Amino acid sequence: MEGINFNQIGVSFKGSGSYVPDQILTNQKISQKVDTSNEWIQSRTGISERRISSVKDNVNEMGYQAALTAIEMANWDINTIDLIILATSTPHDLFGSAPSIQAKLGAANAVAFDLTAACSGFLFALITASKFLKGGSFKRAVVIGADQLSSFVDWNDRRSCILFGDGAGALAIEATNEFDNFIGFDMRTDGGRGSFLNLPSKNKKDSIVDEIDFLSGGFSEIQMNGQEVYKFAVKEVPLILEKLLKKMKYNSDQVDWLLLHQANQRILDSVGERLKIPKEKILSNLEKYGNTSAATIPLMMDEAVRDYRIKQNDIIATSGFGAGLSWGAALIKWG
Ligand code: UT7
């Protein structure tokens, strides 16, 4: 697509969508597999159950369903979409899953690509898309967060397998020259602490012909130092949000909703306490879905938009954080 209008100054939020697989894995069922209990998982994480993809629910399909419902809410002609960004760490195709979502939607005029930043992925993709819109390159974008971590969880590791689930969410955003509902953002990476959470490649040495080796591709399972990730989140997330609010000249009492990456209820409560944001303003659906990685923020946002908790012009402070380590924050106004 060529540049459209260099007078575009802002972004407007037009629609949200989501999708979760039907299969429900409860805490009781997990305790048939590893030595854990519903009581332990609920008290340490707030999670009761999570969704697990079956054959039909790969990232392409989940991302497509989420995008479609967001586009329907926005009431857009599919041919007017310029950009599709899919945030995922578990693409159905390592060369990119966004193009097949574009094809399935029939969004023939949209450029589509994947972006990987683990649990910060959706926020990083939203910021990226908003920059294209504000820069005048594109008018309409769909930003999707979709992950299928169940394929990479070590189902024998009770310290990590209890946390994760599968799902997808999406937002439809549009450039406007009248106002800007994407108020501000910040992003950070610290690769030095990257070893706290990984999904590393697992290569097997083989040979093509005599004296020429190659490494066959593949991935191992999620490796996580839960305590370190926890400490990182409760320290860095309040800091980045405080800094952003200050920079944009907002007080925390002007925030209608705190929407954090859904990692652990104790992390959500701790960040809320630090920012002096009361519990009733902290959005959480961890209990039903666990940590769906890049999907948590749009999945939660879609639920709260559809049940009328998030209303037009509500101020939402959001933060994504996780592997990388990476983290970010954005301040937005719904509508
Ligand atoms: O997107 C980011 C993704 N990652 C995260 O968000 C992870 C952040 N970290 C966490 O959420 C928490 O660290 C966990 C929920 C993973 C663990 O909770 P914790 O309170 O930090 O537990 P812990 O690792 O300190 O373990 C405490 C005890 C240990 O037993 P001992 O050594 O004290 O006897 C563990 O072996 O709990 C044990 N334990 C379990 N017991 C029953 C660990 N996992 C389980 C389990 N069921 N599933």
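Chains are numbered independently. Their residues run from 1 in the order of the written sequence. Residues qualify for local features only when their pLDDT is at least 70, as the model is predicted, and side-chain atom pairs are given and counted only at 80 or more; totals for whole chains, interfaces and linings, by contrast, use all residues. Only hydrogens and water are set aside; all other atoms, that is, all heavy atoms of the structure, feed into the side-chain values.

Engineer: Explain the domain arrangement of the chain to me, please; I cannot follow it from the model alone.
Structural biologist: Interfaces are often sized by the accessible area lost when the parts come together. The split into domains, and so the bounds of each, comes from an automatic or database assignment of domains. Looking at the assigned domains, one finds that the chain contains domain 1 (10-180) and domain 2 (183-193 + 222-333). Centre-to-centre separation of domain 1 and domain 2, based on C-alpha positions: 16 Å. Whether two residues are in contact is decided by their heavy atoms, any of which lying within 4.5 Å being enough. At the junction of the two partners, domain 1 supplies 45 residues and domain 2 supplies 42 residues. Reported buried area values correspond to the accessible surface (1.4 Å probe) lost by two parts on association, with both partners' losses combined. Contact with domain 2 buries area across many residues of domain 1, yet Cys119, Leu123 and Phe124 alone supply 17% of it, more than any other trio. The working definition used for a salt bridge is a side-chain nitrogen of Lys or Arg within 4 Å of a carboxyl oxygen of Asp or Glu. Linking domain 1 to domain 2 there are 0 salt bridges. If you tally residues by element for the side of domain 1 that touches domain 2, the top one is strand β7 (residues 166-176), at 6 residues. Under the grouping applied here, Gly and all other residues not named as nonpolar or charged are polar, the nonpolar ones being Ala, Val, Leu, Ile, Met, Phe, Trp, Tyr, Cys and Pro and the charged ones Asp, Glu, Lys and Arg. Residue classes in the side of domain 1 that touches domain 2 are distributed as 22 nonpolar, 14 polar and 9 charged. Secondary structure elements are taken from DSSP: a helix is a run of H or I of four residues or more, a strand is a run of E of two residues or more, and numbering for both begins at the N terminus.

Engineer: Help me understand the nonpolar core, please; the structure alone is not making it clear to me.
Structural biologist: Proteins that are soluble and globular tend to have nonpolar side chains buried together. Core analysis: the largest hydrophobic core is formed by 45 residues, its most contacted members being Leu241, Leu258, Leu260, Val271 and Phe321. Elements supplying a minimum of two residues to this core: α7 (226-247), β13 (257-260), α8 (265-275), β14 (315-322) and β15 (326-333). Of the residues that make up this core, three or more belong to each of domain 1 (10-180) and domain 2 (183-193 + 222-333). Discounting residues that sit within four places of it in the chain, leucine 241 has contacts with Leu258, Leu260, Val271, Leu275, Ala317, Thr318, Ser319 and Ala329. For this analysis, a nonpolar core means a set of buried residues of the types Ala, Val, Leu, Ile, Met, Phe, Trp, Tyr and Cys, connected via side-chain atoms within 4.5 Å. When a residue's accessible area, from a 1.4 Å probe over protein chains only, is under 20% of the maximum for its type it is buried; when over 50% it is exposed; and in between it is partly exposed. Counting 36 residues, the second-largest nonpolar core is a separate cluster that includes Leu83, Ala125, Val143 and Ala294.

Engineer: How should a nonpolar patch on the surface be read in this particular structure?
Structural biologist: Patches in this entry comprise residues that are over 30% relatively accessible and not in a salt bridge; like charges within 9 Å are linked, as are nonpolar side chains (Val, Leu, Ile, Met, Phe, Trp, Tyr) within 5 Å. Using a 1.4 Å probe, accessible areas were evaluated by the Shrake-Rupley method; residue-level cover was limited to the displayed protein chains. A cluster of nonpolar side chains, Ile208, Val209, Ile212 and Phe214, forms an exposed patch at the surface whose accessible area comes to about 360 Å². Of all the elements in the fold, those that place two or more residues in the nonpolar patch are β10 (204-209) and β11 (212-216). Relative to the helices and strands, isoleucine 212 is located in strand β11.

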